[in-house]
Amino acid sequence: MDVNEILEMSIALTSEHDYNKIFEKIITCAMELTNCEGGTLYLYRENHLEFMIMRNVNKEVERRGGTVSPLALDESKVCAYSAIHRTLVNVPDVYAENTAFDFSGPKTYDKMFGYYTKSMLAFPLINHEEKLIGVVQLLNARDQEGNFISFTPEHEMLLRAVASMAAVSLSNMQYIKQIKQLLHSIIMVFTNAIDARTPYNYYHSKNVHDFVVMFMDYSNALFAEGKGNLFFDAERREELEITALMHDIGKLVTPLEVINKETRLAGRLSLVLARFKYISALKRIAYLEGSCTKEEYEKEAAYLEEAARVVTQINGIDFLDDAKEAWVRTLAEKSYEEPDGTVCPYLTGEEKDCLLIKKGTLTETERETMKQHVVYTERFLSAMDFDEHYKNVRTWAGRHHELLDGSGYPEGLTGDTLPVEVRLLTIADIFDALTSDDRPYRKPHSRETALEILGHMAEDGQIDAEILKVFKEAVRQKTAEQVR
């Protein structure tokens, strides 16, 4: 093997960014350098060696992690000895007498499968911090004619160089993996903190994440079959998953009395009803003192009793029709006189606004407060030092309430400024809002009804019809799988 080939191997080892492919490259490089028949790679894990990959060109066998039990650190085994003592072990002949190692395993394998294990070499992978990363074991070095030979001193020198590069590459990948795991755990802490603030929509962030993943899986499957043109590679997928989990982080500062508002008046209802009783009591006192007639008192008492009933009813309904709106406005114009002569309204301005809510439970002021969560979401995410791989998280999350026709918020952006990821996130967010059974202000819609509502939004040009089409297919496929 010439210098150029060795340099190419070095570049291959140090430039690989796929955690699983690096195992293949390490084994491939080691086997090509020594022209050997077989190779196995183990990673060191908490006092044992975890099997990752095995290859044998003679038997045309390749096995990967999960198919072989972990190897205990027993000095009688070559790999374990190499790991414990952090040294290269070169065994010229497995069948030689007076060997210090237990080769019962290879010998049994040879008998069972008609194989012959001649030479064996194991070398540790030790990184720049002198930490053991793993061990590579090679079998049956061969000469140019294919005859079995012992591993040579030249092989040992080349493998030490490979070991150093491989250990650094694996360490770097492990560090990256650990950093990503830390990032994801922090994200989950934030996500749980957001959803745990309220008993309502507790699983919203996770649900949106799951719907987005469902869509990406389905879309990628269509792409693989040549039936779709939307593909999410690993980096794009991870970035969108993080966005889905973090899209509502701004709700950390949204007042709970707004998030948890179940009815129009919420806690104000008891105050309104108590006031009506108080007004009725004042009218009775006036009657007893002779400042009004019995008929006037009884008429007002009956009106207040009816008002209490209607207000209670309006407080809990989903939609306010014109007749009830007119009734509320009439009630709000009425006033009573305190004993000190102060004139007070039957309803305060806030109570009137609450009862006049056309649909839902939030007043315009409360709705604007709720809308601010996307502003805070983008602000909080802007303060996080996301690298190039996650550069879109902030803008995607901050725009998940924008609509294609410009009627969304907070900026009223239109379709041209909203990428596919935002369009998908918007659909997933609305779908969960429609189908969740833990919203305080209404009963959940069925999945089919929710998809129908989304269909109307697509017809009105608010959401992306093509993405919705694939989303519907994904939902229906998932629903069918759950029914089975």
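Reading the values: rules and limits
- Along each chain, numbering runs from 1 in the same order as the chain's sequence is written.
- Residues qualify for local features only when their pLDDT is at least 70, as the model is predicted, and side-chain atom pairs are given and counted only at 80 or more; totals for whole chains, interfaces and linings, by contrast, use all residues.
- Each side-chain value is worked out from all heavy atoms of the structure, with water and hydrogens disregarded.
- Only runs of H or I of at least four residues qualify as helices and only runs of E of at least two qualify as strands under DSSP, and these elements are numbered from the N terminus.
- Each residue's exposure class comes from its accessible area (1.4 Å probe, protein chains only) as a fraction of the maximum for that residue type: buried when under 20%, exposed when over 50%, partly exposed otherwise.
- The contact rule is simple, with two residues in contact once any of their heavy atoms fall within 4.5 Å.
- Under the counting rule used here, the positive set is Lys and Arg, the negative set is Asp and Glu, and His together with the chain ends is not counted.
- Charged side chains are reduced to one point each, which is NZ for Lys, CZ for Arg, CG for Asp and CD for Glu.
- Here the aromatic set is Phe, Tyr and Trp, taking the six-membered ring for Trp, and pairing holds for ring centres within 6.5 Å; pairs whose planes are under 30 degrees apart are stacked, those over 60 apart are edge-to-face, and all others are tilted.
- Put simply, a charge is over a ring when the Lys NZ or the Arg CZ is close to the ring centre, within 6 Å, and near the line of the ring normal, within 35 degrees.
- Structural elements are reduced to axes, namely lines fitted to C-alpha atoms, with helices fitted over the stretch in contact, and the angle between N-to-C directions of any two is expressed from 0 to 180 degrees.
- An angle counts as roughly parallel when it lies under 35 degrees, as roughly antiparallel when it exceeds 145, as roughly perpendicular when it falls between 65 and 115, and as oblique in every other case.
- For any helix crossing, the convention is left-handed if the near helix is rotated counterclockwise from the far helix by under a right angle, and right-handed if that rotation is clockwise.
- Here the expected length of a helix is defined as 1.5 Å per residue gap, with one fewer gap than residues.
- Working definition of a nonpolar core: buried Ala, Val, Leu, Ile, Met, Phe, Trp, Tyr and Cys residues. They are joined through side-chain atoms within 4.5 Å.
- It is the directions from the helix axis to the C-beta atoms whose arc is reported.
- Two strands qualify as a pair provided that DSSP identifies no fewer than 2 bridges between them.
- Should a side-chain nitrogen of Lys or Arg be within 4 Å of a carboxyl oxygen of Asp or Glu, the pair is scored as a salt bridge.
- Nonpolar side chains (Val, Leu, Ile, Met, Phe, Trp, Tyr) are joined into patches within 5 Å and like charges within 9 Å, using only residues with over 30% relative accessible area and no salt bridge.
- All accessible areas in this document rest on Shrake-Rupley with a 1.4 Å probe, and a residue is counted as covered only by the protein chains that are shown.
- Any N or O atom pair separated by 3.5 Å or less is treated as a polar contact, with the protein-specific requirement of one donor-capable and one acceptor-capable atom, and with residues adjacent in sequence counted only for side-chain atom pairs.

S.K.: Just give me the short version of the overall build of the protein chain, but keep the residues and values in it.
M.R.: Helix and strand counts for the protein chain stand at 17 helices and 10 strands. Taking the principal axes of its C-alpha atoms as reference, the protein chain extends roughly 125 × 45 × 45 Å. Taking all 484 residues of the protein chain together, 44% fall into the buried category. Considering only intrachain contacts with a sequence separation of at least 6, the fraction spanning at least 24 residues in the protein chain is 62%. Mean positive and mean negative side-chain charge positions of the protein chain (55 and 78 charges, respectively) differ by 4 Å.

S.K.: Which residues make up the packing of aromatic side chains, and what values go with them?
M.R.: One pass over the structure, following the stated rule, counts 17 aromatic pairs. Among the aromatic residues, ring-to-ring pairing joins Phe276, Tyr278, Tyr336 and Tyr346 into one connected group. One Lys or Arg, Lys334, reaches over the ring of Tyr303 and ends 5.0 Å from the middle of that ring. Positioned above the aromatic ring of Tyr346, the side-chain terminus of Lys334 is 5.4 Å from the ring centre.

S.K.: Would you mind going over the packing of helix α15 (residues 420–435) against helix α16 (residues 447–459) in detail, with residue names and values included?
M.R.: It is the contact of α15 with α16, at a shortest axis distance of 9 Å, that shows an interaxial angle of 135 degrees. It follows from the interaxial angle that α15 and α16 lie oblique. When you trace α15 past α16, the crossing you get is right-handed. Residues Ile427, Ile430, Phe431, Leu434 and Thr435 of α15 touch α16, and the partners they reach there are Arg447, Ala450, Leu451, Ile453, Leu454 and Met457.

S.K.: A description of helix α7 (residues 234–246) should follow, citing residues and the corresponding values.
M.R.: In this model, α7 (13 residues) spans 18 Å end to end at C-alpha, consistent with the 18 Å of a helix rising 1.5 Å per residue. Burial of α7 is extensive: 10 of the 13 residues sit out of reach of the surface. For α7, the complete set of buried residues consists of Arg237, Glu238, Glu239, Leu240, Glu241, Ile242, Thr243, Ala244, Leu245 and Met246. Buried residues along α7 sit against α5 (153–196), α6 (204–224), α13 (364–382), α14 (393–398) and α15.

S.K.: An account of the nonpolar core is needed here, citing residue identities and associated values.
M.R.: Among the nonpolar cores identified, the biggest contains 38 residues, and Val212, Phe215, Leu424, Phe431, Leu454, Ile463 and Phe471 are the most heavily contacted of them. Mapped onto this core, the elements with two or more residues apiece are α6, α7, α15, α16 and α17 (465–483). Leu121, Phe151, Leu159 and Leu170 belong to the second largest nonpolar core, which has 26 residues in total.

S.K.: An account of α16 is needed here, citing residue identities and associated values.
M.R.: The end-to-end C-alpha distance of α16, which contains 13 residues, comes to 18 Å, matching closely the 18 Å that a straight helix rising 1.5 Å per residue would cover. For α16, every residue scored as buried is listed here: Ala450, Leu451, Leu454, Gly455, Met457 and Ala458. One side of α16 holds all its buried residues, which, seen down the axis, span an arc of 160 degrees. Following α16 by one or two positions, Gly461 has its phi on the positive side, about 80 degrees.

S.K.: Could you give me a rundown of the pairing of strand β1 (residues 36–45), with the residues and numbers involved?
M.R.: A large share of β1 lies buried, amounting to 8 of its 10 residues. Alignment of β1 against strand β7 (residues 132–142), held across 7 bridges, turns out to be antiparallel. Residue Gly39 lies in a different strand from β7, and its bridge partner there is Leu138. In the sheet, β1 pairs with strand β2 (residues 48–56) via 8 bridges, with the strands oriented antiparallel. The residue bridging Arg45 from the neighbouring strand is His48, located in β2.

S.K.: Lay out the pattern of salt bridges in plain terms, naming residues and giving numbers.
M.R.: Opposite charge on two side chains allows them to pair when their charged atoms are near. The tally for this structure, following the rule as stated, stands at 26 salt bridges. With a shortest N-O distance of 2.6 Å, Glu421 and Arg236 are connected by a salt bridge. Of this pair, Glu421 sits in helix α15 while Arg236 sits in helix α7, placing them 185 residues apart in sequence. What makes Arg236 partly exposed here is its relative accessible area of 22%.

S.K.: Report on a nonpolar patch on the surface, specifying residues and quantitative values.
M.R.: On the surface, a nonpolar cluster with roughly 330 Å² of combined accessible area is contributed by Tyr109, Met112 and Phe113. When you line up the elements, Tyr109 lands in helix α4 (residues 104–113). Given the relative accessible area of 34%, Tyr109 is considered partly exposed.

S.K.: Residues and numbers for unusual backbone geometry, please.
M.R.: That bond from Tyr409 to Pro410 is cis: its omega, 10 degrees, falls within 30 degrees of zero. Position of Pro410 among the secondary structure elements: in the loop between α14 and α15. The backbone of Glu46 sits at a positive phi, close to 45 degrees, despite the residue not being glycine. Here Glu46 lies in the loop between β1 and β2. Judged by relative accessible area, which is 73%, Glu46 ranks as exposed. If you check the backbone angles, Asn47 has positive phi at about 70 degrees while not being a glycine.

S.K.: Outline the side chain of Asn127, supporting the account with residue identities and numerical values.
M.R.: Mapped onto the fold, Asn127 is located in the loop between β6 (120–126) and β7. Only 2.9 Å separates the side chain of Asn127 from the backbone nitrogen of Lys131, close enough to count as a polar contact. In this view, Asn127 contacts Ile133, Ala167, Ser171 and Tyr175; residues no more than four positions away in its chain are not counted.

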